[in-house]
Every structure is written in C-alpha cells, then in structure tokens.
Amino acid sequence: MSDSYVKFQRRLDALTRKHKALAKGYTAVIGPDGLIELKPTAARESSALRFVFMAALCFVGIKGLTLALPGMLSYQESGVMQSEVRGAERADG
C-alpha cells in the first residue's frame, strides 16, 4: 500500500508543478490526432531588472559622451567654475 501511495504522491506532485507552470502562461498546440495539448511557455526575465540595467547603461553612456566630446580638461574646468560659484553663493547668503 505504501508503494502505491508513493506513486500516487509523485503523480500528484507532477500535476501540481504542471498546473503552476500553466498558470504562468501557456500555448495551445493541436496535435496530428486533433488532441489539444497545453504547454507552458518559457519564463521571461524580470522587466524591472531590465529597466535598471538599461538606466545604468544610459547613465554610463551619457557620462562617457560628456567626458569625450568637450574633453576631460574642459569638463574639470566646468567643475572648478561650479565650485567657485557655489563659494560665492555662500558668501552672499
């Protein structure tokens, strides 16, 4: 009796896994004999992770363009000018 129970439990676990996979998405395929079979679709990666990756890639790309186009020297000079302006603002305020 325990052997038949183990087999039943395995079939039940397999059916539960299949139902969970089908709940995430499936495609219906009609076989040559006319039987409609439901097959789970492959899992896709998270769109939130893709968004974070693309945002970081855009940031690095824009930062690289900012450094490459005018040159590193002018980029550093603009930072010095900005710090001087901030110092003047502190003196006024």
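Scroll up to find the structure this text is about.
1. Observations concerning the overall build of the protein chain
The helix and strand inventory of the protein chain stands at 3 helices and 2 strands. Split into buried and exposed, the 93 residues of the protein chain put 2% on the buried side. Total accessible area on the protein chain is roughly 8500 Å²; 65% of this is exposed by carbon and sulfur atoms.

2. Remarks on the pairing of strand β2 (residues 36-40)
As paired strands, strand β1 (residues 26-30) and β2 are joined by 5 bridges and run antiparallel to one another. When the sheet's bridge partners are listed, Ala 28 is paired in β2 with Leu 38. Linking two consecutive strands that pair antiparallel, namely β1 and β2, is a turn of 5 residues; a positive phi of about 90° is found at Gly 34 within it.

Calculation notes
- Residues numbered from 1 in each chain as written.
- Predicted model: local features only at pLDDT ≥ 70, side-chain atom pairs only at ≥ 80, totals over all residues.
- Heavy atoms only, no water.
- Helix = DSSP H or I, 4+ residues; strand = E, 2+ residues; numbered from the N terminus.
- Buried < 20%, exposed > 50% of the residue type's maximum accessible area, 1.4 Å probe, protein only.
- Areas by Shrake-Rupley, 256 points an atom, 1.4 Å probe, with all protein chains shown as cover.
- Pairing = 2+ DSSP bridges.

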